[in-house]
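Architecture and fold: a report
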Amino acid sequence: MNNTQRILMAIYFPITILILIFDNIYPKENMVLYLKYVIMITLFLSAITIKKKFLEQKLMALSFFFLVIADFFLVFAYTMQINIDLSLFGVLGFLCAYLCLIVVYQKNFKLRKAEILIAILFVTIFIAVFCILMPYINNLVMKAGILIFGAVLSYMAWTSVCTIFRNYFTKKASCIIAVSSSLMFICDVGVAFSVFYPPFVMQQTTWLTNIIWIAYIPGWTLLAVLICEKDLLY
C-alpha cells in the first residue's frame, strides 16, 4: 500500500465515524447534509487529481464525477427550498457512475461455475428486494425506473465480485473491487428501503441511515484507493 492510499484511508474511514455520530445527534440537519456533500466532493477531487497509470483508473475517476452530480440532487438539494423533486437526476447520476464501473470490471468476461453461483446470489437478493418494495409503489414509471436501476446496480456488484476469477486485475485489486462494489450495493439497498418501505419511512430509523453511510463512504473510498494503485492489472 502506497502513501496516498494510506492517507485516503486514514482520512475517510474516521470521517465515516464522524458522520455516524452527527447523524445520530443531528438527524437530517442541513449542517450534516452539507458535511456529507463536502466529503464526497473532496473524495472526487482526490480521485481526479491522483496520477493515473491505467485507462481503467481514468474511468473509475469519471464515475466520481457522476457521483458528485448524483449527490447534489439527492443530498445537497434537500437543504434548499425547492418544491420540485430532483431525485430522478440523482438516480441518473448514480446510474452513469455504475455504468462506468461496469465497463471497467467487464474485462476478461467469461461465465464460469463460480460466477454463475454469485449471479444467483445477487439475482435472489434483487428479486427479494423488488418483491418487498413493489406493493408500496403505485407509479408504473417509477417501478420501471427502479427495475432498471436495480438491474444495473446488481450487475455492477456481480461483475465486480467476479473480477476475482477473471485474472485481469491483480488479486489484491480484485478483492478491493469486490468489497467496494458490495458496499455500494448494500448502501443502495438500504436507501431503497429508507425511501419506499413504509415502516422505515414513517419513523426515524437511525440504524438504517448508519448502515447506508457505513457502506457509502468506505465503498467509494476504496474505489479512490484503486485509482492510485500502481499494480492494478494482473
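Residues numbered from 1 in each chain as written. Predicted model: local features only at pLDDT ≥ 70, side-chain atom pairs only at ≥ 80, totals over all residues. Heavy atoms only, no water.

As named in an unreviewed UniProt entry, the protein is YhhN-like protein, taken from Clostridium beijerinckii. On record in UniProt, under Subcellular location (unreviewed entry), the comment for the protein is "Membrane". The protein has a UniProt comment under Sequence similarities (unreviewed entry) that states "Belongs to the TMEM86 family." (UniProt positions renumbered as here; feature names shortened; annotations may be inferred.)

Turning our eyes to something else, we now look at a nonpolar patch on the surface. Where nonpolar side chains cluster on the molecular surface, the patch consists of Phe109, Leu111, Ile116, Leu117, Ile120 and Tyr155 and spans about 560 Å² of accessible area. Ranked by residue count, the leading element in the nonpolar patch is helix H5 (residues 113-133), at three residues. Topologically, tyrosine 155 is positioned in helix H6 (residues 140-161). Note on tyrosine 155: relative accessible area 31%, which makes it partly exposed. (Patch = residues over 30% accessible without salt bridge, like charges linked within 9 Å, V, L, I, M, F, W, Y side chains within 5 Å. Areas by Shrake-Rupley, 256 points an atom, 1.4 Å probe, with all protein chains shown as cover. Salt bridge = Lys/Arg side-chain N within 4 Å of Asp/Glu carboxyl O. Helix = DSSP H or I, 4+ residues; strand = E, 2+ residues; numbered from the N terminus. Buried < 20%, exposed > 50% of the residue type's maximum accessible area, 1.4 Å probe, protein only.)

Mapped onto this structure's residue numbering, the UniProt feature "transmembrane region" (unreviewed entry) falls at residues 7-26, 32-50, 62-80, 86-105, 117-138, 144-165, 177-201 and 207-228. From the first C-alpha to the last, residues 62-80 spans 27 Å; its make-up is 68% helix and 0% strand. Across residues 207-228, the secondary structure splits into 95% helix and 0% strand, with the terminal C-alpha atoms separated by 33 Å.

All right, on to the pattern of salt bridges then. Applying the stated criterion to the full structure yields five salt bridges. In this structure, glutamate 115 engages arginine 166 in a salt bridge whose closest nitrogen and oxygen atoms are separated by 3.4 Å. Taken together, the positions of glutamate 115 in helix H5 and arginine 166 in helix H7 (residues 163-166) put the pair 51 residues apart, joining distant regions of the chain. For the pair glutamate 115 and arginine 166, a shared accessibility class is recorded, and that class is buried. Of the charged contacts in the structure, one is a salt bridge between glutamate 229 and lysine 172, with a shortest N-O distance of 3.2 Å. Of this pair, glutamate 229 sits in the segment after helix H10 (206-227) while lysine 172 sits in helix H8 (residues 171-196); the two residues are 57 residues apart in sequence, bridging distant segments of the chain.

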